[in-house]
Amino acid sequence: MVVLPALVQAVVVLRCDLRNLLSMKTKECPSCAMEIDADSKECPICQYEFSEISTSYKWIAILLIIVFLLYIFF
Ligand SMILES: [Zn+2]
């Protein structure tokens, strides 16, 4: 089943996103592992630049879950 790894990935992404929402909108810098403001485009510690890929990836994840649910119920 091809859709399953994608769904697992989607759940991981959404869980990570939920954790960010619960922890007052911070995100972890992938470069220096510091918790920084989720709205920052750039890490204030190491100047790591965040791309918009994670945001669009989140929407793909949500879309995949919707498609998967439709696939199950219809
Ligand atoms: Zn950093």
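Residues numbered from 1 in each chain as written. Predicted model: local features only at pLDDT ≥ 70, side-chain atom pairs only at ≥ 80, totals over all residues.

A. Local environment of the overall build of the protein. The number of helices and strands found in the protein is two helices and two strands. Out of the 74 residues belonging to the protein, those deemed buried represent 3%. Sequence-distant contacts in the protein: of pairs separated by 6 or more residues, those separated by 24 or more amount to 28%. (Helix = DSSP H or I, 4+ residues; strand = E, 2+ residues; numbered from the N terminus. Buried ≥ 20, exposed ≤ 12 C-beta atoms within 10 Å, placed from the backbone. Contact = placed C-beta atoms within 7 Å.)

B. Local environment of unusual backbone geometry. You will see that Ala 33, though not glycine, has its phi angle at about 65°, which is positive. Within the secondary structure, Ala 33 sits in the loop between strand S1 (26-28) and strand S2 (35-37).

C. Spotlight on the environment of Tyr 48. Here Tyr 48 shows up in the loop between S2 and helix H2 (53-73). For the pair Tyr 48 and Pro 30, spaced 18 residues apart in sequence, the C-alpha separation works out to 8.2 Å. In this structure Tyr 48 touches Cys 29, Pro 30, Ser 31, Cys 32, Glu 42 and Cys 43, once residues within four positions along its chain are discounted.

D. Quick peek at the confidence of the model for the protein. Mean pLDDT for the protein: 82, with 82% of residues reaching 70 or above. Looking over the protein, one finds the lowest element-wise mean pLDDT in helix H1 (residues 3-22), namely 73, and the highest in S2, namely 90. (pLDDT = per-residue confidence, 0-100.)

E. Spotlight on the environment of Leu 14. Summarising the element assignment, Leu 14 is placed in helix H1. Accessibility expressed as a C-beta count within 10 Å gives 14 for Leu 14, which makes it partly exposed. Distance in space between the C-alpha atoms of Leu 14 and Ala 61 is 7.6 Å, their sequence separation being 47 residues.

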